[in-house]
Amino acid sequence: MSTFKLGKMTFGSLFKKPETIQYPVQHRFVPEGLKGHIAVDMEHCILCGICMKRCPTGAIEVDKKAGQWSIDRFRCIQCGHCTRECPKGCLTMEPTYAPVAAQKHRDVFEKPVAQPEPAAAEA
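Residues numbered from 1 in each chain as written. Predicted model: local features only at pLDDT ≥ 70, side-chain atom pairs only at ≥ 80, totals over all residues. Heavy atoms only, no water.

A closer look at empty space enclosed by the protein
Sizing a probe to match a water molecule and rolling it over the atoms shows the empty space that remains. Under the counting rule described, the total for this entry stands at two cavities of 30 Å³ or more. Each pocket or cavity is described by its volume, and for the largest cavity that value is around 100 Å³. In terms of lining, the largest cavity is formed by 15 residues, of which the most central are Cys 45, Cys 48, Cys 51, Cys 86 and Cys 90. Its residues assigned to classes, the lining of the largest cavity comprises 12 nonpolar, one polar and two charged. What lines the second largest cavity is a set of 13 residues, and nearest its centre among them are Ile 38, Cys 55, Cys 76, Cys 79 and Cys 82. In terms of residue class, the lining of the second largest cavity is built from nine nonpolar, four polar and no charged. (1 Å grid on protein atoms, 1.4 Å probe; cavity = no way out; pocket = protein on both sides within 12 Å on 5 of 7 lines; lining within 4 Å. Points joined across faces, edges and corners; volume = space filled by probe spheres on them. Nonpolar A, V, L, I, M, F, W, Y, C, P; charged D, E, K, R; others polar.)

Below you can see the structure in the form of structure tokens.
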């Protein structure tokens, strides 16, 4: 009886796609609804701090005076509260995995310095 099951499994796998992938060449598909990690667009961020207040784990810190927005990706649980509450919409959930890290650290993003517009040349 078990020989028939083994034969069925063997012949069935001859006509199916392989279950594994060749990793460096091929990448796994991104599952539907993957939250991934938080990305910030610092050009549009006003450093209001609402995301920091809404984060249930305290993974986000905003320093308005220094112009910095930082996140501890080890504490973030990808709940998405910060992305829903951002008034400017500068926070998004990227559907990719966060890069691998060997040590705990905070990702710090700086607010770009606004360049003064050149005055019109006087004639």
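Some remarks on the state of the cysteines
The full count for this structure, using the stated rule, is zero disulfides. This cysteine, Cys 82, is not joined by any disulfide, and Cys 79 carries the nearest cysteine sulfur, 6.3 Å off. You can call Cys 82 buried: its relative accessible area is 5%. (Disulfide = S-S within 2.5 Å. Buried < 20%, exposed > 50% of the residue type's maximum accessible area, 1.4 Å probe, protein only.)

Looking at unusual backbone geometry
With phi around 55°, Leu 47 is a residue other than glycine that occupies positive phi space. Along the chain, Leu 47 turns up in the loop between strand 1 (37–40) and helix 2 (50–54). Its relative accessible area of 7% is what places Leu 47 among the buried residues. One non-glycine residue, Gln 78, lies in the positive phi region at around 55°. (Helix = DSSP H or I, 4+ residues; strand = E, 2+ residues; numbered from the N terminus.)

Brief notes about the pairing of strand 2 (residues 60–63)
Residue alternation in strand 2 divides its side chains into a buried set, Ile 60 and Val 62, and an unburied set, Glu 61 and Asp 63. Relative to strand 3 (residues 68–72), strand 2 runs antiparallel, the two being bridged by four bridges. The residue bridging Ile 60 from the neighbouring strand is Ile 71, located in strand 3. Here strand 2 folds back onto strand 3 in antiparallel fashion, the turn holding four residues, of which Gly 67 has a positive phi close to 75°. (Pairing = 2+ DSSP bridges.)

Some points on the side chain of Ser 70
Checked against the element boundaries, Ser 70 lands in strand 3. Of note is the side chain of Ser 70, whose polar atom sits 3.4 Å from the side chain of Arg 106. Those residues in contact with Ser 70 that sit more than four places away from it in its chain are Ala 59, Ile 60, Glu 61, Arg 106, Asp 107 and Val 108. (Polar contact = N/O pair within 3.5 Å; in protein donor to acceptor, adjacent residues only side chain to side chain. Contact = heavy atoms within 4.5 Å.)

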